[in-house]
Amino acid sequence: MSTFEDIITREGHLVYTNVGRSMMPLLRQGRDLMVIVSKPEGRLKRYDIPLYKRDDGKYILHRILRVRPNDYVLCGDNQWRLEKGITDRHIIGVLQAVVRDGKTIPVTDRKMRLYAHLWCDFYPVRAAIFWIRDLGKRLRRFKRL
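Right, let's walk through the structure included here. Computed from a prediction, not measured in an experiment: that's the story for all the values here. (Residues numbered from 1 in each chain as written. Predicted model: local features only at pLDDT ≥ 70, side-chain atom pairs only at ≥ 80, totals over all residues. Heavy atoms only, no water.)

### Focus: the overall build of the protein chain
Counted only if it meets this: Every helix listed is a DSSP run of H or I at least four residues long, and every strand listed is a run of E at least two residues long, numbered separately from the N terminus. Each radius of gyration reported is based on C-alpha atoms, and the globular scaling rule is 2.2 Å times the count of residues to the power 0.38. Note on definitions: a residue-residue contact is assigned when non-hydrogen atoms from the two residues lie within 4.5 Å. A 1.4 Å probe and the Shrake-Rupley method give the accessible areas. Residues count as covered only by the protein chains that appear here.
Tallying secondary structure elements over the protein chain gives three helices and nine strands in all. Here the protein chain has a C-alpha radius of gyration of 16 Å; the compact-globule value for 145 residues is 15 Å, and the two agree. Its C-alpha atoms put the protein chain at 50 × 35 × 35 Å along the principal axes. For the protein chain, long-range pairs separated by at least 24 residues make up 55% of all intrachain contacts whose partners lie at least 6 apart in sequence. Looking at the protein chain as shown, the accessible area adds up to about 9,200 Å², and 57% of this sits on carbon and sulfur atoms.

Here it is, written out as structure tokens:
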């Protein structure tokens, strides 16, 4: 069985079906048939969506909110917790396009870029809303203890 890394090395890109809710509303599990990821060229930028492999072996597709000298700060579009410490060695590829309703929408599309800016530039507001949204879940977990 080939890994994502093997496929990108061999084919130059990876086409796969998204699983998970962390990148909603951009990527909708069960509705967006495919995402297209290619090998990155150089250092990534803010708003890029890398496919990376955590040290525990999990593959993740999240958006870059901040580029630091030695790592990236990332967050899923449907999350409020930041992930720090992801370095270039973790990065396997970068999202190039989403196939939605039979149409290929590149990340360079004007609407996609506008969405990325709005979603990232207002991260503090989004984080506060999502933190409140998730408060009920946290309280229920706390009550079970």
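### Focus: helix H2 (residues 110-121)
For an α-helix, 3.6 residues make a turn, and residues three or four places apart therefore share a direction. Quick reminder of the rule: Take the residue count of a helix, subtract one, and multiply by 1.5 Å to get its expected span. By the criterion applied in these results, polar contacts are pairs of N or O atoms within 3.5 Å in which, for protein atoms, one can donate a hydrogen and the other can accept it, and in which residues neighboring in sequence qualify only through two side-chain atoms.
Between its first and last C-alpha, H2 extends 16 Å over twelve residues, near the 16 Å set by a 1.5 Å rise per residue. Measuring from the side-chain oxygen of the N-cap residue of H2 to the backbone nitrogen of Lys-111 gives 3.0 Å; that N-cap residue is Asp-109.

### Describing the state of the cysteines
The following threshold applies: Cysteine sulfur atoms are paired as a disulfide whenever they come within 2.5 Å of each other. Think of it in three bands: with a 1.4 Å probe and only protein chains considered, a residue is buried below 20% of the maximum accessible area for its type, exposed above 50%, and partly exposed in between.
Per the stated rule, a full pass over the model turns up zero disulfides. Between Cys-75, a free cysteine, and Cys-120, which holds the nearest cysteine sulfur, the sulfur-to-sulfur gap is 8.6 Å. Using a relative accessible area of 1% as the deciding quantity, one classes Cys-75 as buried. On the accessibility criterion, Cys-120 (2% relative accessible area) is buried.

### With respect to the environment of Val-37
Positionally, Val-37 belongs in strand E2 (residues 32-38). Along the backbone, Val-37 and Gln-96 are 59 residues apart, and their C-alpha atoms lie at a distance of 5.5 Å. Apart from residues no more than four positions distant in its own chain, Val-37 is found in contact with Ile-8, His-13, Leu-14, Tyr-16, Leu-51, Gly-93, Val-94, Leu-95 and Gln-96.

### Some details on the packing of H2 against helix H3 (residues 123-144)
The criterion, for reference: Note on geometry: axes are lines fitted to C-alpha atoms, helical ones only across the stretch in contact, with angles between N-to-C directions running from 0 to 180 degrees. Comment on the angle field: the value is read as roughly parallel under 35 degrees, roughly antiparallel over 145, roughly perpendicular from 65 to 115, and oblique elsewhere. Just so you know the grouping, Ala, Val, Leu, Ile, Met, Phe, Trp, Tyr, Cys and Pro go in nonpolar, Asp, Glu, Lys and Arg go in charged, and all remaining residues, Gly too, go in polar.
Direction vectors running N to C along H2 and H3 enclose 65°, while the axes themselves pass 5 Å from each other. With respect to H3, the element H2 is oriented roughly perpendicular. Note on element contacts: H3 touches H2 through Tyr-123, Pro-124, Arg-126 and Phe-130, opposite Trp-119, Cys-120 and Asp-121. When its residues are assigned to classes, the contact of H2 with H3 shows five nonpolar, no polar and two charged.

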